[in-house]
Amino acid sequence: MSEEKTEQKKNTKETSTPKKKKTGFIVLISFCCVLGVLLLLCLGWILYASFNKATPVSLLPHNFSLYVHTEDAWHSLEPLLDLQATDIFLSQESYVSFRETIMQFRQSPLRTNAFVSDLLSRPVHIGFYNSEQESQDFIAVLEMGIYSSLTRLASLWLPLIKLDNAQDLSIDKIKNTNGTYFEIRTGTESYYLKPYKNTVVVSSNLQLFTLACAGNQDILYPEEILDLVNQKIQDPIKILVDAQQFARMAATDNDILKPLPEFINAEAKSLISLGISDSEVHITATIPLNLNDSVPYSLQPIADILKINSTLPALLSKLGETTQYYTLINTDSISLLKNAGFSFLPEEMGAENLWANGNTLSQAFLGLSLDELIFSWSAGEVAAIGME
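Residue indices follow the written sequence of each chain, beginning from 1 at its first position. Totals for whole chains, interfaces and linings use every residue, but because this is a predicted model, local features are given only for residues with pLDDT of at least 70 and side-chain atom pairs only at 80 or more, for both listing and counting. The basis for the side-chain values is all heavy atoms of the structure; hydrogens and waters are excluded.

**Let's talk about the pairing of strand 1 (residues 66-70)**
Any residue under 20% of the maximum accessible area for its type is buried, any over 50% is exposed, and the rest in between are partly exposed; the area is computed with a 1.4 Å probe on protein chains only. Runs of E in the DSSP output that reach at least two residues are strands. Runs of H or I that reach at least four are helices, and both are numbered from the N terminus. Extensive coverage of strand 1 is indicated by the burial of five of its five residues. In strand 1, alternate side chains face the same way, and those of Leu-66, Val-68 and Thr-70 on one face and Tyr-67 and His-69 on the other are all buried. Only strands that DSSP links by at least two bridges are regarded as paired with each other. For strand 1 and strand 2 (residues 124-130), the ladder comprises five bridges, and the chain directions are antiparallel. Directly across from Leu-66, in strand 2, lies its bridge partner Phe-128.

Here you go:
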């Protein structure tokens, strides 16, 4: 009898073992299927986020006073925080509202945070706008790339973030007819943030922010301004600024450049490219000039020079090692420099009359005019050189 029971138990074990193996296999297959579906959903979401894009310029209203763009926001703009030029820039009354925030960020541990550095190493477009309070508001559009698969879900995870060490910083989720966005309060300042497709839009002004998030701002851009915004440059930072304002800044304490704003249309923009290294700051500026027939007669000699497309002076290659400093001018004719120079002299000096009298004497005694005597043998290059 005992032998029969033993044999029965053995048969039961043999039949239950395949059932357990079969059940375990089904569980494993089910887990793999669920995991595969989740992975496919994540991959599909990432692909959707990568292809469903917005053009940054469509989120920037066209009437900016200053536009800044860089392909790598962190590595291009973060070094600027420690420059003395930044302090001078922030000391201007129209930009003083940003001073407190930037000063706080200078001392923030976020500057050494690797995740923040990687997250902000993205293309960014910033527009500054004149406000009624004679200050500057801004809109920043950050292209998030693959990170947009996370930023699109910010309404789920951003309110959960707790910043214990930031007592003056709060993040509020707001939902209204304009959609869902966030208000970030730091001290007395408020900033508005909204993930928009593959970008994140940030602004210091709610009205500007609402306008930006409506999209389609690029259809209001003049064609020439849109071309400048989309133009590729070699330097890491591109800046567009009001050309007349930039010319006035360049002409400060410089009598030669003072007439420059007269040759610039009111709506024109200057393109400035900026490169920064440990040893130097490289700046290239392009100023659009209007040199048509409407130029005042008194400024015509200067317009004649500005119309010339100068090349690199040949004298530059002939300067020796003993040269300490130099100024080289390459123009079509030195007589153009004379005419332009006379336009800067006070009328009471009577430069034109003195030249006419000298010309008369030259012809009487030498049989040659001053133009023939001075300019006939000279080329278009002039140099002032200091040597050891």
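This is not the end of the story, as more comes after the structure.
**Thoughts on the sheet that holds strand 2**
Spatially, 10 strands are ordered 4-5-6-7-3-2-1-8-9-10 in an open sheet, and the strand pairing comes out antiparallel. Two strands bound the open sheet, and with one partner strand each, they are strand 4 (169-176) and strand 10 (281-286). Neighbouring strand axes in the sheet, compared pairwise and without regard to direction, differ in orientation by 20° on average. Bridge count between strand 8 (residues 237-242) and strand 9 (residues 269-276): six bridges; the pairing is antiparallel. Paired with Leu-240 across the bridge in strand 9 is Leu-271. Helix-sheet contacts for helix 8 (residues 206-213) involve strand 2, strand 3 (136-143), strand 5 (179-186), strand 6 (189-196) and strand 7 (199-203), and the interaxial angle to strand 6 is about 10°. Think of each axis as a best-fit line through the C-alpha atoms, taken over the contacting stretch in the case of a helix, with angles from 0 to 180 degrees between the N-to-C directions. We call two residues contacting when some pair of their heavy atoms lies within 4.5 Å.

**A look at the pattern of salt bridges**
Whenever Lys or Arg places a side-chain nitrogen within 4 Å of a carboxyl oxygen from Asp or Glu, that contact is recorded as a salt bridge. Counted according to the given criterion, the structure contains two salt bridges. We note a salt bridge from Arg-185 to Asp-172, for which the minimum N-O separation is 3.9 Å. Residue Arg-185 is found in strand 5, and its partner Asp-172 is found in strand 4; the two are separated by 13 residues along the sequence. Judged by relative accessible area, Arg-185 falls into the partly exposed class, the value being 38%. You can call Asp-172 partly exposed: its relative accessible area is 30%. Ionic contacts of the salt-bridge type, sharing partners, join the residues Asp-172, Glu-183 and Arg-185 into one network.

**Some words on the confidence of the model for the protein**
Mean pLDDT over the protein works out to 80, with 88% of the residues at or above the 70 mark. The lowest-confidence element of the protein is helix 3 (residues 84-90), averaging 70 in pLDDT; the highest-confidence one is strand 7, averaging 94. A residue's pLDDT is the predictor's confidence in that residue, given on a scale from 0 to 100.

**Some words on the nonpolar core**
In these notes, a set of buried Ala, Val, Leu, Ile, Met, Phe, Trp, Tyr and Cys residues joined through side-chain atoms within 4.5 Å is what counts as a nonpolar core. Core analysis: the largest hydrophobic core is formed by 27 residues, its most contacted members being Val-68, Ile-126, Phe-128, Phe-138 and Ile-239. Contributing elements (two or more residues each) for this core: strand 1, strand 2, strand 3, strand 5, strand 6, strand 8 and strand 9. Each residue touching Ile-126, except ones within four places of it in the same chain, is listed here: Leu-66, Tyr-67, Val-68, Leu-77, Phe-138, Ile-139 and Ala-140. By size, the runner-up hydrophobic cluster in this structure holds 21 residues, among which are Val-57, Leu-60, Leu-208 and Leu-228.

**Observations concerning the side chain of Ser-203**
With respect to the helices, strands and loops of the structure, Ser-203 is situated in strand 7. Residue class for Ser-203 comes out buried when judged on its relative accessible area of 0%. By the criterion applied in these results, polar contacts are pairs of N or O atoms within 3.5 Å in which, for protein atoms, one can donate a hydrogen and the other can accept it, and in which residues neighboring in sequence qualify only through two side-chain atoms. In terms of polar contacts, Ser-203 uses its side chain to reach the backbone amide nitrogen of Asn-205, at 3.1 Å. Those residues within four positions of Ser-203 in sequence are excluded, and the remaining contacts are Phe-138, Ile-139, Ser-190, Tyr-191, Tyr-192, Leu-208 and Phe-209.

**Observations regarding unusual backbone geometry**
Note on backbone geometry: most residues besides glycine have negative phi, and most peptide bonds are trans. The phi dihedral of Lys-197 falls on the positive side, at around 55°, and the residue is not glycine. Along the chain, the position of Lys-197 falls in the loop between strand 6 and strand 7. Judged by relative accessible area, which is 33%, Lys-197 ranks as partly exposed. Phi angles above zero are rare outside glycine, and Asn-216 is one such case at about 60°.

**Here's the deal with the side chain of Asp-242**
Note on placement: Asp-242 falls in strand 8. Buried within the structure, Asp-242 lacks any salt-bridge partner; Lys-269 is the closest side chain of opposite charge, at an N-O distance of 4.8 Å. For Asp-242, the side chain forms a polar contact with the main-chain nitrogen of Gln-244, separated by 3.2 Å. Ignoring any residue separated from it by four or fewer positions in sequence, one finds Asp-242 in contact with Ser-65, Ala-266, Ala-268 and Lys-269. Positive: Lys, Arg. Negative: Asp, Glu. His and the chain ends are not part of the count.

**Concerning a nonpolar patch on the surface**
Grouping into patches uses exposed residues only, defined as over 30% relative accessible area, and leaves out salt-bridged ones; the cut-off is 9 Å for like charges and 5 Å for nonpolar side chains (Val, Leu, Ile, Met, Phe, Trp, Tyr). Where accessible areas are quoted, they stem from the Shrake-Rupley method and a 1.4 Å probe; at the residue level, only the protein chains shown are allowed to cover. Side chains of Trp-45, Ile-46, Tyr-48, Ile-146, Leu-150, Leu-153, Leu-156, Trp-157, Leu-160 and Ile-161 sit close together on the surface and give an oily, nonpolar patch of about 970 Å² of accessible area. Considering every element that reaches the nonpolar patch, the biggest residue donor is helix 1 (residues 2-51), with three residues. Relative to the assigned elements, Ile-161 resides in the loop between helix 7 (154-157) and strand 4.

**A closer look at the pairing of strand 7**
Where burial is concerned, most of strand 7 is hidden: four out of the five residues are buried. Where strand 3 lies against strand 7, five bridges are found, and the strand directions are antiparallel. Along strand 7, the bridge assignment pairs Glu-143 with Thr-199. Here strand 6 folds back onto strand 7, and the loop between the two strands holds two residues, one of which, Lys-197, carries a positive phi near 55°.

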